[in-house]
Structure formats: C-alpha cells, structure tokens
Amino acid sequence: MKYIFLLLLINVNQASHFGLPIKSKDIALTEIGNFGVERKARPGIPAHLHSGIDIRPPNNNYLTQEYIYPIAKGVVISKRTDGPFAQLIIEHELEGEILWTVYEHIAAIEVDLFEPVKKGTTIARFFLANELDNIGWQFNHFHFEILRKRPIELKPSHKNPERLFSSYSLSCHSPEDLIEHFYDPVVFLADKVLF
C-alpha cells in the first residue's frame with residue numbers, strides 16, 4: 001500500500017480555502033490507485049489512464065465509519081446513488097478559478113443535489129466491511145478526481161434522476177488527454193492545502 005505524506009509537502013498557514021477529502025493528513029492509496037496509472041480494458045470498460053487517486057479509509061479496518069469531505073466550498077451539481085458506483089460531483093469557484101471534484105465509490109451520501117457545501121461538511125463515507133462483502137472488495141476505497149474542464153452534461157435517467165454530469169474518466173488514453181482534463185490530486189492538494 002502506498003502512502004502519500006502530504007504534511008511534508010504542504011506549507012503551514014491557517015487561511016487555506018482548501019482541505020483534504022478525509023480527516024487524516026496521511027493519504028493511503030490502493031496498489032493501483034495513483035494518478036495516471038494505465039488501467040487495462042475489462043468487460044464494459046475500455047483501457048484508459050487513471051484520472052484520479054483511489055484513497056483507502058484512514059483506519060483501514062472497514063469497521064469504523066470514516067467520512068469523506070469536499071476539499072473546498074462549492075455546490076453539488078450531480079448525484080449518483082446506484083450502489084458501488086455512487087458518485088458526487090461538486091463545482092468550486094475559488095480564487096477566480098472554477099474546478100470540479102468527483103467523489104466515487106462512496107456510501108451513505110449526506111448531501112442533496114444543488115446543496116452548497118464547504119470544507120469540513122460530511123458528504124459521504126467509505127463502504128464498511130459488511131457492505132463490501134455484498135458489493136465486492138474492489139470498492140475498498142473512494143475514487144477522487146479534480147477536473148480542469150466542466151464535466152460532461154447528461155440527461156437524467158429514471159434510474160439516476162439526479163445524475164446530471166459525468167467525468168472524463170474513461171476517455172483519457174494518453175498523458176496529454178489526462179492533463180487536458182484533470183489535475184493530479186496529490187500535486188494539487190500539496191500546492192493548495194495549507195495547514
């Protein structure tokens with residue numbers, strides 16, 4: 001398991017507009033959870049480069065509820081609630097910049113579509129062991145992205161009436177595609193999050 005020690009990379013200052021998506025300052029990634037890792041094709045999913053990071057829960061025991069937070073103030077613009085693929089997309093406008101964050105493979109979503117959120121607002125949690133036993137342990141993390149470009153607009157479906165946007169996750173086939181659409185979350189957070 002790879003650990004990213006953001007504390008060593010981050011400046012010290014209490015006035016940051018940005019925070020981390022979990023309470024811990026040590027972000028543990030899954031074995032293939034790094035930004036830009038090549039993902040092989042599998043049924044229904046084309047080969048692509050990983051467009052975010054896959055974050056493990058801080059306690060890593062899957063018995064205690066571990067919560068997920070937005071990295072900055074913003075508005076929920078899309079909400080998907082179908083089990084292991086549950087997802088929130090939040091639009092942020094800070095320091096004259098607009099960007100979007102994606103939180104996927106999440107449980108117990110606590111915010112509504114178009115709800116304003118801020119750093120520290122509980123938006124969801126990691127799946128627990130009993131839930132992973134039912135849906136599969138491949139969802140033992142949450143997937144986190146930071147988009148440079150506005151997400152893809154979708155027509156709501158009967159199954160997901162609040163899913164209004166989608167990410168470019170599966171359409172990044174080259175490093176140029178990846179950088180055109182996404183920030184590397186580790187680099188972004190190391191630059192923006194000030195403790």
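In this text the structure is predicted, and so the values were computed from the model without any measurement.

Caption draft 1: Spotlight on the pattern of salt bridges. Per the stated rule, a full pass over the model turns up seven salt bridges. Here D54 makes a salt bridge to R39, at a shortest N to O gap of 3.0 Å. One end of the pair, D54, is in strand β5 (residues 53-55); the other, R39, is in strand β3 (residues 38-39), with 15 residues separating them in the sequence. Neither residue differs from the other here; D54 and R39 are each classed as buried. The shortest N-O distance in the salt bridge between D82 and R80 comes to 2.7 Å. A single burial state applies to D82 and to R80, both of which are buried.

Caption draft 2: Geometry of the nonpolar core. With 45 residues, the main nonpolar core has I55, I71, Y103, I123, F142 and F144 as its most contacted residues. In this structure, I55 is in contact with P21, I22, I27, A28, L29, F126, H141, F142 and F144, ignoring residues within four places of it in sequence. Core analysis: the second largest hydrophobic core is formed by six residues, Y62, A107, A129 and F139 among them.

Caption draft 3: Focus on the side chain of T101. Note that T101 resides in strand β9 (residues 97-104). One polar contact links T101 to Y103, side chain to side chain, over a distance of 3.0 Å. Excluding anything up to four places from it in sequence, T101 contacts I71, L88, I89, I90, H92, F144, E145 and I146.

Caption draft 4: Local environment of the confidence of the model for the protein. Chain-level statistics for the protein give a pLDDT mean of 90 and a share of 91% at 70 or above. pLDDT under 50 marks residues 5-15. Its contacts with residues more than four places away, or in other chains, come to 22 contacts.

Rules behind the numbers
- Residues numbered from 1 in each chain as written.
- Predicted model: local features only at pLDDT ≥ 70, side-chain atom pairs only at ≥ 80, totals over all residues.
- Heavy atoms only, no water.
- Salt bridge = Lys/Arg side-chain N within 4 Å of Asp/Glu carboxyl O.
- Helix = DSSP H or I, 4+ residues; strand = E, 2+ residues; numbered from the N terminus.
- Buried < 20%, exposed > 50% of the residue type's maximum accessible area, 1.4 Å probe, protein only.
- Core = buried A, V, L, I, M, F, W, Y, C linked by side-chain atoms within 4.5 Å.
- Contact = heavy atoms within 4.5 Å.
- Polar contact = N/O pair within 3.5 Å; in protein donor to acceptor, adjacent residues only side chain to side chain.
- pLDDT = per-residue confidence, 0-100.

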